[in-house]
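Examination of the molecular architecture
Single-letter residue listing:
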Amino acid sequence: MKAFRTAVGVLAALLAAVLPVAAAPAVAAPAIATGGPTTGAYAGSRSCRQCHERFYQLWSTSFHGLAMGPYSAEFARTNLSPQREPIVIGTSRYRVDLDSGTMLENGPDGNRRYPINHVMGGKYVFYFLTNLEKGRLQTLPVAYDLRRKEWFDTALSGVRHYPGQKPDKPLDWKSVPYTFNTACRDCHVSQRKSSYDPTTDTFNTTWKEPGINCETCHGPSEEHNRVMETLPKGQKATDYHIIRTKPFTPAQHNDACNSCHAKMAHLTDGYRPGERFFDHFDLVTLEDRDFYPDGRDLGENYTATSWMLNPCARKSPLHCVTCHTSSGRYRFRKPEDSDKACLPCHAERVNNVTAHSHHPAASAGSRCIGCHMPKTEFARMDRSDHSFLPPTPAATIRFGSPNACNICHADRDAAWADRQVRQWYPRDYQAPVLKRAALVEAARNRDWSRLPEMLAYIASPDRDEIFAASLIRLLDVANDQRTVPALITALKDRSPLVRAAAADTLGRTPTPAALQALAAATTDEYRLVRVAAAGVLSFYPAVALRGEFAGPARRAIDEYLAALAARPVSWVAHYNLGNYYLSANRLPEALAEYEAALRFEPRTAMAWVNAAIVHARQGDAGTAESCLQQAVAIDPGIAVAHYNLGLLRAGQGDWQTATVSFREALRLDPGMADAAANLCLIGVAGSPESVSWCRQAAELQPDEPKFAYVLALRQYQGGNSADALATLEKLTGHFPFYGDAYLLLGDIHEKSGMTDKAAAAYRRILETAGMEARCQALARERLDVLESMAQPPRDRAP
């Protein structure tokens, strides 16, 4: 579940979008428990050993079983080599002392030793944890590379190198992403129980066992043990009182593994193997630049997203446990054995591999995984591409993504590899990959000239669900009414991931049709879709909580709030909860949530923007401006921050600076109709430039009547009554309930001496059900004036 990105300006004197005001229930207690089922039902992995000794031995020595453990002198002697040189990070130097089991930090404030309490990892890297204040378990800034037998800078190894951009800056080792309590969750320990007290910013995290134990996948075993121990010899149990994975479908196997091996957001804290992934998690897709535009891994992505790009996974019974054991081991002892996984569907290629691969039969280039699962390295860890897509050197040329050919043939360039595959395979299999990747790249760069192609791809029957969901999420900033029909249609897509993405993105263009479609989406069978729809509808309770979907919408909003409460240490959850409170005008609570979001992730520009909105509503313009300046410093390209700076400065009467800010907002986001409308309003009334800005706003959002209304007003103020009347006639035709349009229409007719037409406009307000009481009162007042003017004067008494 991504952050809800709408930030709204609230300067009453200007034409700013205002979120609806509605009461909402409190959702957070002082401390939020995040544990799963009670630990009393868990017997621990040792209880499995009596009956399952072989599996116990396989598990206990596996990377799953050893995913985390206590640090000890024996561990250090067996697995680590001494650190010969300190690692310099900024102005500090770090060295691990294996004998004392500590890390020495030498910095400007002197020396400090941190005990090494726990060890994570073990396949490629060991990371080390230390206990800090307030219950925090923090990843130390130095880690150990098992293959190179050397110590390295933890944060530096995780820096992303995006093509054409400067590398990211390494995070401080004490920042939240390196806090075990918030980042690692259930994937390195078993039966974790954790609580976080926001009033003291304190954690209390415990677990039943380090590593991933038997009960992580099979559930609590205490009752199972009792039943099996008391079962008469030779009698088969009818109920094992445990989760049995053997009957799992391929989807259930995949979802069980993906509960750890995915870059995701939690919707609940209670996933149990066998349940559906998208009832408990959202999945990050290619909107994240940790993926290249063609879907290949750039940063660390944990497999699930690329697996969902896999055509074999979609079209065959292939699943994670086909190639891996439940303890995480690779099933195939010999390199050539891995080809057997491909045999059921690709026997002709496996049995005649040289003709297919154009490599010698016994070479690595003739193994299926050699070309279809190439390995790349990030943060000193290897990862295999699970998309199974063939090598695409043309994508390397175009986007800089890796390809299997040049991973092996490092002495050749991508152009050479491209020539080879085009010569070997006359069918241009690279073209579809390039086409959809180019759409992702265009959307990332906000090149909306290709919007029709993007919408056509999303609607295409053969669209890939990861690319479709990615494009929909990237449309979040398009601010184009053309997206609305496509997104409403996507709410009925066969993929819950696509449906949820469509629901989320419709929040940027909440037309009546969109809100109605979102209300219907609260009946979706998947929690992810319901929560995404509810996240938008929670801003519009007057729409959501009436009509045939009122009950499902209320329940979905409760699910949405529960999803936020399940992530008490997530900046996204606090940010979204802040938005919920802001929409209900519960300003102190909204500000507390934005501050919590910034405590967990101070680089979140949108949280600074929305905190500024709260301060502005509370009358603290100075703090609001400071927050907006902080947002711009973090992300100079954040249009909504410049827009809100414009609102603040206009409210202070600084029209010149406000104009600069609004222009910058519109440059960064050419679809921001509010910025164009405010440029219209602060310009000279009726001037050609002012009218031009209003027309731009009205054209950008034809479904928003206020922009057409202001256009008519400016046309009239500029002495062009005919154009103003034409605009108003069109406006009232499309929006017959927009009372202000009739009031302006009547005013123009009055001042032109056409009192009959003016009276007709005012009567239309009184005769149309649902008009605002304010507009009705003004219309009645003007009709009374017109009627009094029409009465003949009375004779005076003699």
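Right, let's walk through the structure included here.

Each value, and the rule that gives it
- Residues numbered from 1 in each chain as written.
- Predicted model: local features only at pLDDT ≥ 70, side-chain atom pairs only at ≥ 80, totals over all residues.
- Heavy atoms only, no water.
- Helix = DSSP H or I, 4+ residues; strand = E, 2+ residues; numbered from the N terminus.
- Core = buried A, V, L, I, M, F, W, Y, C linked by side-chain atoms within 4.5 Å.
- Buried < 20%, exposed > 50% of the residue type's maximum accessible area, 1.4 Å probe, protein only.
- Contact = heavy atoms within 4.5 Å.
- Disulfide = S-S within 2.5 Å.
- Pairing = 2+ DSSP bridges.
- Salt bridge = Lys/Arg side-chain N within 4 Å of Asp/Glu carboxyl O.

1. Considerations on unusual backbone geometry
In this structure, Lys-149 takes a positive phi of about 55 degrees despite not being glycine. If you trace the backbone, Lys-149 turns up in the loop between β10 (142-145) and β11 (150-153). One non-glycine residue, Arg-380, lies in positive phi territory at about 65 degrees. The topology assignment puts Arg-380 in the loop between β18 (375-378) and β19 (381-384).

2. Considering the nonpolar core
Across soluble globular proteins, nonpolar side chains show a tendency to be buried alongside one another. Within the largest apolar cluster, 141 residues are counted, with the highest numbers of intra-cluster contacts made by Leu-283, Met-454 and Leu-518. Ignoring any residue separated from it by four or fewer positions in sequence, one finds Leu-283 in contact with Ala-262, Lys-263, Met-264, Phe-277, Phe-278, Ala-304, Thr-305, Met-308, Ile-466, Arg-473 and Leu-497. Core analysis: the second largest hydrophobic core is formed by 21 residues, Tyr-71, Ile-116, Phe-128 and Leu-140 among them.

3. Regarding the state of the cysteines
Taken as a whole and judged by the stated rule, the model has two disulfides. Residue pairing for Cys-187: its cysteine sulfur links by disulfide to Cys-260, the two sulfurs lying 2.4 Å apart. Across the disulfide from Cys-187 to Cys-260, rotation about the S-S bond amounts to roughly -105 degrees, and the bridge is consequently left-handed. One end of the pair, Cys-187, is in the loop between α4 (180-183) and β12 (189-190); the other, Cys-260, is in the loop between α7 (250-258) and β16 (264-266), with 73 residues separating them in the sequence.

4. Side note on the environment of Val-350
Here Val-350 lies in helix α11 (residues 343-350). What makes Val-350 buried here is its relative accessible area of 18%. Measuring from C-alpha to C-alpha, the distance between Val-350 and Cys-368 comes to 7.9 Å, with 18 residues separating the pair along the chain. Apart from the residues within four sequence positions on either side, Val-350 is in contact with Asp-339, Cys-342, Leu-343 and Cys-368.

5. Section: the pairing of β10
Going residue by residue along β10, you find Val-142 and Tyr-144 tucked away on one face and Ala-143 and Asp-145 tucked away on the opposite face as well. Here strand β8 (residues 125-131) runs beside β10; their pairing, made up of two bridges, is antiparallel. Residue pairing in the sheet places Phe-126 in a bridge with Tyr-144 of β10. Connecting the antiparallel pair β10 and β11 is a turn made up of four residues, with Lys-149 showing a positive phi of about 55 degrees.

6. Topic: the pattern of salt bridges
Oppositely charged side chains are able to pair whenever their charged atoms sit close together. As enumerated under the stated definition, the model contains 45 salt bridges in all. The salt bridge partner of Asp-145 is Arg-148, with a shortest N-O separation of 2.6 Å. Residue Arg-527 pairs with Glu-559 through a salt bridge whose shortest N-O separation is 3.4 Å. Taken together, the residues span a long stretch of sequence, with Arg-527 in helix α23 (residues 527-537) and Glu-559 in helix α25 (residues 550-565) at a distance of 32 residues. You can call Arg-527 partly exposed: its relative accessible area is 22%. Where salt bridges share partners, they join Asp-145, Arg-147, Arg-148, Glu-150, Glu-377, Arg-380 and Asp-382 into one cluster.

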